[in-house]
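What follows is the residue order along each chain.
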Amino acid sequence: MPRPRMLAYLDRWSASPGQRVNVHASGPAGAARVEVVDLVSQAVLGQAMPVTVEPRRLLTGSHLEATGVPAPARGSVALWLRPHGAGARQVAAELDTGDRRLLITLDEAGRPETVIETGSGVLRAGAGSALPQGAWSLLVAAWTAEPSGTRLRLSIRGAVRDDAAAYRADLPLEPATATLRFGAGSGHRDPYAGRLALPLLTGDALTSGDCDTMTGLTGGPALAGHLGAGLLALWDPAADPGGPVVLDISGNARHARAVNRPLAGLVGPGEDGTRTALQLSPEDLDDARWPRTCAVTVPADAGSTVLGVRVRAHGDSHSDSHGDCHVVPLVVPPAGPARPIAVVLPTFTYLAYANHRQSSEAEYFGDYSHVTDRRIELSDTDVHLNAHRDLGLSLYDQRREGGPVYHSCGRRPVLNHTPDYRWWMTGAPRHFAADLLLLRWLHAEGFAFDVLADEDVHTGGAALLARYRVVLTGSHPEYVSAPEREAVAAYVSGGGRLMYLGGNGFYWVTGVDPRHPNAIEVRRGHTGAWWDNEPGEDVLTSTGEPGGLWRERGLAPQELLGVGFTAQGWGPAPGFTRLPDGYRAEAAWVFAGISDPVIGRHGLALGGAAGDEIDRADPGLGTPPGTLLLATSAGGHSGHYQNAPEEASLGADAVRADMTLRLTGAGGAVFATGSVNWVASLACCDGDVRHVTRNVLSRFLIPKPFKGVT
């Protein structure tokens, strides 16, 4: 049996000096140690802490669970189902008293059955037809226990009409208290894949006539009014969409816990479009819920930085990429006075790509030769991620039963956001590993800076950013919440100086729900078959706002940053060729000390600074008047670079990265590089990328106004 891999996560991604952070770990049974490392200075802080670890399971699968509900001697369990897949046994409902269970299941062919299991025997009633996929069916299991025996009936209404009944004389039932689960059996067994709406429990055995009436009552209040005093519980997802519990609207307060955050805000049965449905998936995971291994305290004198909480098996002395070691990053925002510079790490984007799998990208792209000429080589981490979907899905995975992923959480082990992770598409650092290169470069250059997470800006708003002379982004701030975007926009309009050092930034509307810490929600709307949601279901339950592209909300990235996403590809990356605006007096300082008209001919990723996902300026999409077009990679990209879907009609002219500078009348400025690869090139021997970055940052730190502001 393979040796368990060391895995760990923290209960948060950002913590200030003096705060305690819980560490949750799994690994080879036995002794291990936990130590805290400053990932920027690479200094070990304090002594290693001895701990004991053991292998832990990851229990995936979203479902509902209500405890302490009655299990009457006469009653019914009813629910609407719209299955998404067959091929395995699925538990739609389980009423479990400990001594007996009532189950509503779908068999491998999708045929429903209801079962009563006791120590005295089993009673079954099954339907002969499979539930149709993509259509709603009402299932009602009704039972009556009398001195003469127990009767059980399964009724199906909706796309099919079917009834089955059974009777057993030697199967007595007594009233009891139970746990009622919808979507999985105890221990997450036999999970259901599909949609569920308006599950309920009654103290009456519903008849076939009741079932016929209920097919026309597809709203929670109407259904509750019809069932009256016999209703013991009715769980309505529309009552508080996306909450950690699904409310019981019967008045009996038997609310159900929403385990692993099922997708809410979905249209249920009926013609009125009411959002009474949830989507349950065997692969959902919103919190690993491992017990705490230990707690670490952020050193009071750590300053603002990024720490690594390193969990290492006892005796292991290998590199941090070894399976017996896992390093979890922790952003440390400032606790005291601000330094002149803030680097905002795109932690929402890190979450979107958390445990991003090569196997999913292979399915999406098909033949990689369309987008790269590199040979794809997988690390041990990539192989492990491909084999372990139980680590939770990224927003770039598809569920096995079909359909995109809308939520991603940080309370689980994340393997592709470690300091030494290299992305299989480029063989180079990307996301956190690339942004760490930026922090280390700033540290080596002697710049005084603070580090913030997206969460910090989302919460702290414009007042937080206003403390800084200069704000830098990371390499790929793709996912941004409304409060964060508003904070950055206010910072710029108020005279702040922003350095956008990435590509494909401020692109997707991202929801953050305080009821689900360390998690994001993204609904992409209708941007391509891979991610499409059903009509009318692009509203974020986190915030109530429409999802999709910020561009579709009238807030294209060009309006704020000067450039916006235009193309992606992983063929050879060119540099930026300086344009006439780059020689104007008000911008020539950007290139001071550089004689070569091409900047970024070399790079750690794809061999150049203008690659991966790239952005262009476009006045039609909001690039402000007066923005200087300093340099471009136009004409330097191979056919491996393809237009973004929303840019497909523009062709090759839109395949370019533009470097821009905007000087604002308020004394502020926005510098944009328009390429994910820019930050990776800071770690390369190509000094002109460092030179430009140093020139801009040094000038932005000087308070005096810029010359030539129009």
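Along each chain, residue indices are assigned from 1 in the same order as the chain's sequence is written. Two thresholds apply to this predicted model, a pLDDT of at least 70 for residue-level local features and 80 or more for giving and counting side-chain atom pairs, whereas whole-chain, interface and lining totals are computed over all residues. With hydrogens and water stripped out, all remaining heavy atoms of the structure feed into the side-chain values.

A word on helix H5 (residues 380-387)
Definition in use: Think of it in three bands: residues with accessible area under 20% of the maximum for their type are buried, residues over 50% are exposed, and the middle band is partly exposed, with areas taken using a 1.4 Å probe on protein chains only. Helical segments are the DSSP runs of H or I of at least four residues, strand segments are the runs of E of at least two, and each set is numbered from the N terminus. By arc we mean the arc of the directions from the helix axis to the C-beta atoms, nothing more.
If you check which residues of H5 are buried, you get Thr 381, Asp 382, His 384 and Leu 385. Angularly, the buried residues of H5 cover 160 degrees about the axis, an arc narrow enough to put them on a single face. Exposed residues pointing more than 90 degrees away from the buried face of H5 are listed as Asp 380 and Ala 387.

Examining the pattern of salt bridges
A side chain of one charge can pair with a side chain of the opposite charge if their charged atoms are brought near each other. What counts, and what does not: A pairing counts as a salt bridge when a side-chain nitrogen of Lys or Arg comes within 4 Å of a carboxyl oxygen of Asp or Glu.
The full count for this structure, using the stated rule, is 42 salt bridges. Across the pair Arg 89 and Asp 190 runs a salt bridge, and its minimum N-O distance is 2.6 Å. Residue Arg 89 is located in the loop between strand S6 (74-83) and strand S7 (90-96), and its partner Asp 190 is located in the loop between strand S14 (176-182) and strand S15 (194-202); the two are separated by 101 residues in the primary sequence. Linking Arg 584 and Glu 586 is a salt bridge whose minimum nitrogen-to-oxygen distance equals 2.5 Å. Classification of Arg 584 by relative accessible area gives partly exposed; the value is 37%. On the accessibility criterion, Glu 586 (13% relative accessible area) is buried. Bridged by salt links that share partners, the residues Glu 65, Glu 94, Asp 96, Arg 101, Glu 117, Arg 181 and Arg 257 form one connected network.

A word on the sheet that holds strand S33 (residues 576-578)
Stated formally: Should DSSP find at least two bridges between two strands, the strands are regarded as paired. Throughout, a residue-residue contact means that at least one pair of heavy atoms, one from each residue, lies within 4.5 Å. In this description, a line fitted to the C-alpha atoms serves as the axis of each element, helices being fitted only across the stretch in contact, and the angle between N-to-C directions of two axes falls anywhere from 0 to 180 degrees.
A sheet is described by the order of its strands in space; here nine strands give the open sequence S26-S24-S27-S29-S39-S38-S36-S33-S34, paired in mixed fashion. Each having just a single partner strand, strand S26 (449-453) and strand S34 (598-599) make up the two edges of the open sheet. Sheet strands touched by helix H6 (residues 432-445): strand S24 (341-345), S26 and strand S27 (470-473). Its angle to S24, the strand with the most contacts, is close to 165 degrees.

Description of the pairing of strand S11 (residues 137-146)
S11 sits mainly inside the fold: nine of its ten residues count as buried. Summarising the sheet, S6 and S11 pair through eight bridges and their orientation is antiparallel. Within the sheet, the bridge partner assigned to Leu 79 lies in S11 and is Leu 139. Two elements, S11 and strand S12 (residues 149-158), share ten bridges in a ladder whose sense is antiparallel. Considered in S12, the bridge of Glu 146 is made with Gly 149.

Observations regarding the environment of Tyr 353
Inspection of the secondary structure assignment puts Tyr 353 in the loop between helix H3 (347-352) and helix H4 (358-365). Placed 44 residues apart in sequence, Tyr 353 and Asp 397 show a C-alpha to C-alpha distance of 9.3 Å. For Tyr 353, the contacting residues outside a window of four places in its chain are Ser 394, Tyr 396, Asn 416, His 417, Arg 430, His 431, His 476, Glu 478, Tyr 479 and Glu 613.

Here's the deal with the pairing of strand S22 (residues 305-313)
Judged by how many residues are buried, S22 sits mostly within the fold: nine of nine residues are covered. Alternating positions in S22 separate into two faces, Thr 305, Leu 307, Val 309, Val 311 and Ala 313 on one and Val 306, Gly 308, Arg 310 and Arg 312 on the other, with burial throughout.

Observations regarding the packing of aromatic side chains
What counts, and what does not: Ring pairs shown here join Phe, Tyr and Trp side chains whose ring centres sit within 6.5 Å, with only the six-membered ring taken for Trp; geometry is labelled stacked below 30 degrees between planes, edge-to-face above 60, and tilted in between. A ring has a charge above it when a Lys NZ or an Arg CZ is no more than 6 Å from the ring centre and no more than 35 degrees off the ring normal.
Under the criterion given, the structure shown has 17 aromatic pairs. Here the aromatic rings of Tyr 353 and Tyr 396 are separated by 4.2 Å at their centres, their planes lie at 20 degrees, and the arrangement is stacked. Of this pair, Tyr 353 sits in the loop between H3 and H4 while Tyr 396 sits in the loop between H5 and strand S25 (407-409), and the two are 43 residues apart along the sequence. Looking at Tyr 353, the relative accessible area reads 3%, which means it is buried. In this structure Tyr 396 comes out as buried when scored by relative accessible area, which is 6%. Above the plane of the ring of Tyr 167 lies Arg 151, whose end atom (NZ or CZ) is 4.6 Å from the centre.

What about the side chain of Arg 523?
Selection criterion: Polar contacts, as used here, are pairs of N or O atoms within 3.5 Å; protein pairs need one atom able to donate a hydrogen and one able to accept it. Residues neighboring in sequence count only if both atoms are side-chain atoms.
Tracing the backbone shows Arg 523 in the loop between strand S31 (519-521) and helix H9 (557-561). By relative accessible area, which is 0% here, Arg 523 ends up buried. A polar contact of 2.6 Å, which involves the side chain of Arg 523, links it to the backbone oxygen of Ala 264.

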